[in-house]
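Notes for the structure review
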Amino acid sequence: GIRTATQEFINYDQAITGASAKFKGLDVTTEAGIKTLENLKQQARATGAETQFSASEAAQGLDFLAMAGFNAEQAIVSLPGVTNLATAANTDLARATDIASDSLGAFGLMTEDTAALQTNLTRVNDVFAKTITSTNTDLDILFESVKKGAASFTAAGQSIESFSALAGVMANNGLKGAESGTQLRNIMLRLAKPTKEANSVLQNLNIKTQDAQGNFLDVVDILGQF
């Protein structure tokens, strides 16, 4: 028992030390830096005490947030949200943190503003949790879809909500992961730059893909016209 507890503390200490070295602007040789480091430790310990995850797993989550470009303060307020996502996804905390933080960039939601970043990460966590608990997919499979299709959706002004809803419906029908992400990417590319023949078909069917200002309509609304 002592050996197990000691090893857990070593893992936790190593993870916190590694994370603190990666947070931008965190200088642990200053009084402010020492205080921030203590806040990081307290957040990791609180997560370990209040959730199914250990303090060392929480520290690993902080490490992934640091690698994603979060500063220490942003990571502290963001950890509870990704902990909830990991719980809903039944996956390890480090993996859920990695996916959620990477998805912020994929959907153009990364920002330097701490309040806006927290709002955006909460949005990602909530949308992904809803998708994986109500459709036939899991977090890793959904992320494979994101990696293939999110950039095209974001470029066309589409939302993470619409993307995830379509990915979930496709998963229910046997199209999952990279395959569904590629199909969704192709949909947006072909709607953005339809061939002459495709454009003729759209006009004949009176399908509108853009509003009067030239902005893309929501893809779900476009599909509704079909």
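Here's a quick rundown of the structure. (Residues numbered from 1 in each chain as written. Predicted model: local features only at pLDDT ≥ 70, side-chain atom pairs only at ≥ 80, totals over all residues. Heavy atoms only, no water.)

**Description of the overall build of the protein chain**
Quick note on the threshold: Here a helix means four or more residues in a row that DSSP labels H or I, a strand means two or more in a row labelled E, and each is numbered from the N terminus. Relative accessibility under 20% of the residue-type maximum defines a buried residue, over 50% an exposed one, and the middle range a partly exposed one, all with a 1.4 Å probe and only protein chains included. Residue contacts follow a heavy-atom distance rule, with two residues in contact if any of their heavy atoms lie within 4.5 Å.
In terms of regular secondary structure, the protein chain is built from eleven helices and zero strands. Going from N to C terminus, the protein chain has its helices and strands arranged as α-α-α-α-α-α-α-α-α-α-α. Here the protein chain holds 226 residues, and 42% of them are scored as buried. Put simply, of all contacts in the protein chain between residues at least 6 apart along the chain, 64% involve residues at least 24 apart.

**Re empty space enclosed by the protein**
Our working rule: A cavity, in this analysis, means grid points on a 1 Å lattice covering only the protein atoms where a 1.4 Å probe fits yet has no way out; a pocket is instead an open set bounded by protein on both sides within 12 Å along at least five of seven lines, and a residue lines either one if it has an atom within 4 Å of a point. Grid points are joined across faces, edges and corners, and a volume is the space filled by probe spheres set on the points. Residues were grouped as follows: Ala, Val, Leu, Ile, Met, Phe, Trp, Tyr, Cys and Pro as nonpolar; Asp, Glu, Lys and Arg as charged; and all remaining residues, including Gly, as polar.
Inspection of every chain in the model, using the stated rule, returns one cavity of 30 Å³ or more. A volume near 30 Å³ is recorded for the largest cavity. Looking at the largest cavity, the residues that line it are T137, I141, L142, S145, A167, G168, A171, L175, K176, G177 and S180. Sorting the residues of the lining of the largest cavity by element identifies α7 (139–155), α8 (160–172) and α9 (177–192) as the ones contributing at least two each. By residue class, the composition of the lining of the largest cavity is five nonpolar, five polar and one charged.

**A word on the layout of surface pockets**
Estimated volume of the largest pocket: approximately 160 Å³. L191, P194, N199, L202, Q203, N206, I207, K208, T209 and Q210 together form the lining of the largest pocket. Tallying contributions element by element places helix α10 (residues 196–204) first for the lining of the largest pocket, with three residues. Per-class residue counts for the lining of the largest pocket are four nonpolar, five polar and one charged.

**Digging into the pattern of salt bridges**
So the rule is basically this: By definition here, a salt bridge exists when the distance from a side-chain nitrogen of Lys or Arg to a carboxyl oxygen of Asp or Glu is within 4 Å.
Throughout the structure, instances matching the rule amount to seven salt bridges. We note a salt bridge from R123 to E161, for which the minimum N-O separation is 2.8 Å. Here R123 is found in helix α6 (residues 114–134), whereas its partner E161 is found in helix α8, with 38 residues between them in sequence. Residue R123 is classed as partly exposed on the basis of its relative accessible area, which comes to 30%. Among the charged side chains, a salt-bridge network with shared partners connects R95, D98 and D140.

**Quick look at a nonpolar patch on the surface**
In plain terms, the rule: Patches here: salt-bridge-free residues with over 30% relative accessible area, like charges joined within 9 Å, nonpolar side chains (Val, Leu, Ile, Met, Phe, Trp, Tyr) joined within 5 Å. To measure how exposed things are, a 1.4 Å probe is used in the Shrake-Rupley method; for residues, cover is taken only from the protein chains shown.
A cluster of nonpolar side chains, V201, L205, L223 and F226, forms an exposed patch at the surface whose accessible area comes to about 390 Å². Residue classification places L223 among the partly exposed residues on the basis of a relative accessible area of 39%.

**Re the packing of helix α3 (residues 55–67) against helix α4 (residues 72–89)**
Helix-helix packing: each pair is described by the crossing angle between the helix axes and the interaxial distance. Short version of the rule: To get an axis, a line is fitted to the C-alpha atoms, and for a helix only the part in contact is used. The angle between two axes follows their N-to-C directions and goes from 0 to 180 degrees. Roughly parallel here means an angle under 35 degrees, roughly antiparallel means over 145, roughly perpendicular means 65 to 115, and every remaining angle is called oblique. Handedness of a helix crossing follows the sense of rotation of the near helix relative to the far helix, less than a right angle counterclockwise being left-handed and clockwise being right-handed.
Two elements in contact, α3 and α4, have axes whose closest approach is 10 Å; the angle formed by their N-to-C orientations is 125°. Compared by their axis directions, α3 and α4 come out oblique. The interaxial crossing formed by α3 with α4 has right-handed handedness. Residue-level contacts link A58, G61, L62 and L65 of α3 to A75, I76, S78 and L79 of α4. Per-class residue counts for the contact of α3 with α4 are six nonpolar, two polar and no charged.

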